[in-house]
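Residues per chain are reported as follows:
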Amino acid sequence: MKDAFRFQNKLQTLMGTAQDILSSSRNITKVENTYLRKKVMPEAEDEVTVDQPTSEYSEQITCVAEFLLYLMTEKEKLGAAIYQAKATLDLQAGLDGEIGLNSTRQELAGLFRRMTEVRNSETLIPNGGTGFRFNNEGNQVSYRCDVKKVVTINFDRNKVRKMCADLSKKSNEISGQIDAAVVNTQVAYEAPFDVNDTFSDVFEAFAVKQATA
């Protein structure tokens, strides 16, 4: 299944490249500009320029569109094969479900761990407090005073520590099962090209096949 996920990412990357090519108006149209200089200067000649495309595949746009549809079909086939493979796994909540649950377990374990790191403390903050009083003249004036800050945890540290340990243990166990499932589960899908092929490699092979079909 690990290779299937890798190939799934490859398909998405190739589709993104093809979509970028087709999204550029400079690739899907040919723009010719004629500078009508002769109209303002009879002795001058009109000048013609052509906007340059952004892709080397601008002369094969229809084939690129067909290639994109081909990649979409392969993505659908691979997605269905991965779905079938996942259905065979002996994971209580399924692969996707357990991945999501494990993420939550790790998040909660991290929260409990941070809670257990909180300690009781007592600190003196010099001039940390303010107040008002009346002076000898009867006027209200402000003053500052020291503040003794006492921090006391209001939870059972031992229980929270145990919850953290239990969650971490469960998370590690499920992570092992997920890793094993991803590595060992076979996906009934035969890749039509090598995952390391470049866009040019895959497209040119497809274009040749289309031309001879």
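In this report, the structure presented in the accompanying data block is examined. (Residues numbered from 1 in each chain as written. Predicted model: local features only at pLDDT ≥ 70, side-chain atom pairs only at ≥ 80, totals over all residues. Heavy atoms only, no water.)

1. Focus on the overall build of the chain
At step 1: In terms of regular secondary structure, the chain is built from six helices and four strands.
At step 2: N-terminal to C-terminal, the α/β element order of the chain is α-α-β-β-α-α-β-β-α-α.
At step 3: Principal axes of the C-alpha set define a box for the chain whose edges measure 100 × 70 × 20 Å.
At step 4: Going through the 213 residues of the chain one by one, you find that 28% of them count as buried.
At step 5: Long-range contacts, defined here as pairs at least 24 residues apart, represent 70% of the contacts in the chain between residues at least 6 apart.
At step 6: Total accessible area on the chain is roughly 14900 Å²; 51% of this is exposed by carbon and sulfur atoms.
At step 7: With 26 positive and 30 negative side-chain charges, the chain shows a spacing of 13 Å between the two charge centroids. (Helix = DSSP H or I, 4+ residues; strand = E, 2+ residues; numbered from the N terminus. Buried < 20%, exposed > 50% of the residue type's maximum accessible area, 1.4 Å probe, protein only. Contact = heavy atoms within 4.5 Å. Areas by Shrake-Rupley, 256 points an atom, 1.4 Å probe, with all protein chains shown as cover. Lys, Arg positive; Asp, Glu negative; His and termini not counted. Charge placed at Lys NZ, Arg CZ, Asp CG, Glu CD.)

2. Section: the nonpolar core
At step 1: Core analysis: the largest hydrophobic core is formed by 35 residues, its most contacted members being L78, V187, F199 and F203.
At step 2: Those elements that provide at least two residues to this core are helix 1 (2-23), helix 3 (61-87), helix 5 (157-184) and helix 6 (199-212).
At step 3: Among the elements that make up this core, the one with the highest residue count is helix 3 (ten residues).
At step 4: Those residues in contact with L78 that lie beyond four places of it in its chain are A4, F7, Q8, L11, V187 and Y189.
At step 5: In this structure, A109, F112, C164 and L167 belong to the second largest nonpolar core, which totals five residues. (Core = buried A, V, L, I, M, F, W, Y, C linked by side-chain atoms within 4.5 Å.)

3. Quick notes on helix 6
At step 1: Under the 1.5 Å per step criterion, the end-to-end length of helix 6 is 20 Å for 14 residues, consistent within 8% with the ideal 20 Å.
At step 2: All buried positions along helix 6 are accounted for by F199, V202, F203, F206 and A207. Projected down its long axis, helix 6 carries its buried residues within an arc of 130°, all on one side. Those residues of helix 6 that are exposed and aimed more than 90 degrees away from the buried face are V208, K209, A211 and T212.
At step 3: On the buried face of helix 6, the contacting elements are helix 1 and helix 3. (Expected span 1.5 Å × (residues − 1). Arc of directions from axis to C-beta.)

4. Some remarks on the packing of helix 3 against helix 6
At step 1: Direction vectors running N to C along helix 3 and helix 6 enclose 105°, while the axes themselves pass 10 Å from each other. Looking at the two axes, helix 3 sits roughly perpendicular to helix 6. Together, C63, V64, E66, F67 and Y70 of helix 3 and F199, V202, F203, F206, A207 and Q210 of helix 6 make up the contact between the two elements. (Axes fitted to C-alpha atoms, helices over the stretch in contact; angles between N-to-C directions. Parallel < 35°, antiparallel > 145°, perpendicular 65-115°, else oblique.)

5. Things to note about the environment of N102
At step 1: Within the secondary structure layout, N102 lies in helix 4 (residues 94-116).
At step 2: On the accessibility criterion, N102 (3% relative accessible area) is buried.
At step 3: Residues N102 and E173, spaced 71 residues apart in sequence, show a C-alpha to C-alpha distance of 9.8 Å.
At step 4: Each residue touching N102, except ones within four places of it in the same chain, is listed here: K170, S171, I174 and S175.
At step 5: Reaching out from N102, the side chain makes a polar contact with the side chain of S175 at a distance of 2.9 Å. (Polar contact = N/O pair within 3.5 Å; in protein donor to acceptor, adjacent residues only side chain to side chain.)

6. What about helix 3?
At step 1: Here helix 3 contains 27 residues, and its C-alpha end-to-end distance of 39 Å stays within 8% of the 39 Å for a straight helix at 1.5 Å per residue.
At step 2: Those residues of helix 3 not exposed but buried are I61, C63, V64, F67, L68, L71, E74, L78, A81, I82, A85 and K86.
At step 3: Looking at the buried positions of helix 3, the neighbouring elements they touch are helix 1, helix 2 (25-28), helix 4 and helix 6.

7. What to know about the side chain of E74
At step 1: With respect to the helices and strands, the residue E74 is situated in helix 3.
At step 2: Owing to a relative accessible area of 6%, E74 belongs among the buried residues under this scheme.
At step 3: Setting aside its immediate chain neighbours within four residues, E74 contacts L11, Y189 and P192.

8. Examining the side chain of S171
At step 1: The topology assignment puts S171 in helix 5.
At step 2: The class for S171 is buried, based on a relative accessible area of 4%.
At step 3: With residues near it in sequence (within four places) discarded, S171 still touches N102, R105 and Q106.

9. What about the pattern of salt bridges?
At step 1: As enumerated under the stated definition, the model contains seven salt bridges in all.
At step 2: For K38, the salt bridge is made with E45, and the minimal N-O distance between the two is 3.8 Å.
At step 3: Here K162 and D166 are joined by a salt bridge, their closest N and O atoms 2.8 Å apart. One end of the pair is K162 and the other is D166, both in helix 5 and four residues apart, which spans about a single turn. (Salt bridge = Lys/Arg side-chain N within 4 Å of Asp/Glu carboxyl O.)

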